[in-house]
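Commentary on secondary and tertiary structure
Read off the chains here:
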Amino acid sequence: MSILIDENTKIIVQGITGRDGSFHTGQMLEYGAKIVGGVTPGKGGQETQGLPVFNSVREARDAVGCDATVIYVPAKFAKGAVQEAIDAEIPLIICITEGVPVNDMVGLYHQVKAKGLTLIGPNCPGLISPGKSKIGIMPGSICIPGKIGVISRSGTLTYEIVHALTGLGIGQSTCVGIGGDPIVGSNFRDVLALFEADPETEAVVLVGEIGGDEEEQTAAYIKENIKKPCFAYIVGASAPEGKRMGHAGAIVSGNAGTAESKQKAFAEAGVPVAKTIDEVAEMVAAKFNLNS
Amino acid sequence: MNIHEYQSKELFREAGIPVPEGRLALTVDEAVNAFEELGGKIVAVKAQVHVGGRGKAGGVKLARTAAEVRAAADAILGMDIKGHTVHRLWIEKGSDIQREAYVSVILDRSAKNIGFIVSAEGGMDIEEVAASTPEKILRFGSNDYSFPESEARKAAAELFDGQGVDACVNVMRKLFQLFLDKDLSLVEINPLVLTGEGAVVALDGKINIDDNALMRQPELLELRDMNEESEAEITAKEKGLAFIQLDGDIGCMVNGAGLAMATMDMINLFGGKPANFLDVGGSSNPEKVVHAFKYILDGGNISAVLINIFGGITRCDDIARGILKAFETMDIPVPVVVRLTGTNAEEGKALLEGSSLIPATSFAEAVKKTIALGKGEAA
């Protein structure tokens, strides 16, 4: 098992004929993802990479059926694209797009929750269930199938963590990049609950960063609700106050959102906090004696 | 992006939120002229800088005569407030204050909504109020962009009485609409006052605009004050780089914001000091690497540079081409350590073979080597 996606997940791509959309559709197909079609308004009826293109998400859903949609459209169209996916009630919506106006996410977030759908992102690398399927932009070559779940607010940092785990022979059940924006569709807690319920996942690595209080809330949640071992790594301890560190959500405001506060919260919840990427992998290896 | 108080008040005025009459002054003479234009009675002379605590720092003074205005303006212009130099003054008619309150609208990351923060403790540092007397703070919000009328009315009744309640709700409604219309992340009025004439007036104004939304708010972009911004950070952004100058000596060039932060942390952990945060972004354009070098070296005081790339969308061979191009076109007088992993790493390393660049295999090794070379030690 894995969470959210596996080899049977039927996927459509919104923005399939765009530069990023078409490139990553190719990469996902190569990895074995079951992509069944794409959407580009005005290009319905065409075909690309052997896949049918539709004018709208609803048309695509009705024609080919799908469990998930991945969005690669430019930031100014992202709200409309997510809204279309919500209206078509696609169960899993992944928004890769970076730079989405933050206020646009408020309404989308609450609509998704009200309809019982799942939104990952925006400003995220997507997710991968190694050996089964991937949605988004994570490089498949660094992952191996296994029993560790990974949840992260960052893209390349996720690759670095997964690379370190793989280097020690530790495989992953699913790796989820939840995104670096102030409001994202799924937070650490949403994804943790799925890993807790997944019989194949034995432990979870959480990769957090400065800004907001999501990590603090997650630490409290773990203490009450999560039995599986968790490990945390937080970046941004050396970031200056009041500056956005690349990600729209990575900002320390006054005394709030610091790496120190997050590390402390996890430590108090009994979650070991690593100081370096290598240390995360070593902690997991030591716990499970998986170092083979 | 932040804007000045006087710019926030101009947006308030356009939105129908009452503000005192005022004038912008860039010189002492302009300040005195403004005083005369405003009727020659009591005025507030207020430093315009993007930082809180201006009052405590002496950046806000009341003046009753032209001579007092001259003295206040002379004292405040050029003043340094928490590292911000005062170049602009806002001269504003004094108000007859009966009661002071605090009202702000924020993007609430925890509640994932657009939230109001309201308190009868106006004119105070709201973070201090929240920490010492949290019961004096009211919070409520909107999940669907509709104005939370009944909660706003309840809150307004805690702040003012009589016709002040209606006026306050009106201000809150307009503030909420302004927040939505202008794609704000924060709009704060501290204090919002009830005057002797029964009017509710914004005596201060602070606005933060969502950077992601500036693409659809071009007229707000014109309010940017380059004196308050790092020019390097702004121009780097235009070139697709996220760059922030820090005060250390180890230059960093990294792909991805999270990995860039991890690199800074690791430099600190091993006893070095990062000179900057720099995310070259996801695209593989070699030209970006050349620009990145320029920003790093322009910061000055660089002892060594660490290039840490985990190729995903970014291809390591493109980064390597960019590095070689930078070495061809500019003088790079410090050791440069390069660690390439991921997509096309082998091709990238092959390109760099025989150059003066110092290769490293692991992240930790790269950081240690760079710090050692920066200190003039053999790596």
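Residues numbered from 1 in each chain as written. Chains lettered and ligands numbered in written order. Predicted model: local features only at pLDDT ≥ 70, side-chain atom pairs only at ≥ 80, totals over all residues. Heavy atoms only, no water.

**Description of the overall build of chain B**
The condition that has to hold: Put simply, DSSP H or I for four residues or longer makes a helix, DSSP E for two residues or longer makes a strand, and each gets a number counted from the N terminus. Throughout this description, buried means an accessible area under 20% of the type-specific maximum (1.4 Å probe, protein chains only), exposed means over 50%, and partly exposed covers the range between. Here a residue-residue contact requires only that any non-hydrogen atoms of the pair lie within 4.5 Å. Every accessible area reported is derived by Shrake-Rupley at a probe size of 1.4 Å, with residue values counting cover from the shown protein chains alone. The convention is simple: Lys and Arg are positive, Asp and Glu are negative, and His and the chain ends are not counted. One atom stands in for each charge, and that atom is NZ of Lys, CZ of Arg, CG of Asp or CD of Glu.
When its secondary structure is counted, chain B shows 13 helices and 19 strands. When the backbone C-alpha atoms are referred to their principal axes, chain B occupies close to 80 × 50 × 40 Å. A total of 379 residues make up chain B; the buried ones form 54% of that total. In chain B, the proportion of contacts linking residues at least 24 apart, taken out of those at least 6 apart, comes to 68%. Total accessible area computed for chain B in this model is approximately 15,800 Å², and 49% of it derives from carbon and sulfur atoms. Of the side chains in chain B, 39 bear a positive and 56 a negative charge, and the two mean positions are spaced by 2 Å.

**Focus: the sheet that holds strand β4 (residues 60–63) of chain B**
Residues and elements named next belong to chain B. Heads up, the rule is: Strands are treated as partners if at least two bridges between them are detected by DSSP. The axes used here are C-alpha line fits, helices contributing only the stretch in contact, and every angle between their N-to-C directions lies in the interval 0 to 180 degrees.
Taken together, the four strands give an open sheet; going across it, the order is β2-β7-β3-β4, and neighbouring strands pair in antiparallel fashion. The open sheet is flanked by β2 (22–25) and β4, the only strands paired with a single partner. Adjacent strand axes in the sheet meet at a mean angle of 20° when their direction is disregarded. Relative to strand β7 (residues 89–93), strand β3 (residues 43–47) runs antiparallel, the two sharing five bridges. Bridge pairing links V43 to K93 in β7.

**What about the packing of helix α9 (residues 257–269) of chain B against helix α13 (residues 363–374) of chain B?**
All names here are of chain B. Worth spelling out the cut-off: Orientation labels follow simple angle bins: below 35 degrees gives roughly parallel, above 145 gives roughly antiparallel, 65 to 115 gives roughly perpendicular, and whatever is left gives oblique. By the definition used in this description, the sense in which the near helix is turned from the far one sets the handedness, with an anticlockwise turn below a right angle giving left-handed and a clockwise turn giving right-handed.
Packing of α9 against α13 leaves a shortest axis separation of 10 Å and a crossing angle of 55°. Considering their axes alone, α9 and α13 lie oblique with respect to each other. Read as a crossing pair, α9 and α13 show a hand that is right-handed. Two secondary-structure elements touch here, α9 through L259, A262, T263, M266 and I267 and α13 through F363, A364, V367 and I371.

**A short note on the side chain of K46(B)**
Residue and element names in this part refer to chain B. Counted only if it meets this: Definition of a polar contact: a pair of N or O atoms within 3.5 Å, with one able to donate and the other able to accept a hydrogen when the atoms are protein atoms, and with sequence-neighbouring residues admitted only if both atoms are side-chain atoms.
For K46, the position within the fold is in strand β3. Engagement of the side chain of K46 in a polar contact is seen with the backbone oxygen of L203, the distance being 3.1 Å. Sequence-distant contacts of K46, defined by excluding residues within four places in its chain, comprise E5, K9, R54, G59, V60, R88, L89, W90, E92, L203 and D204.

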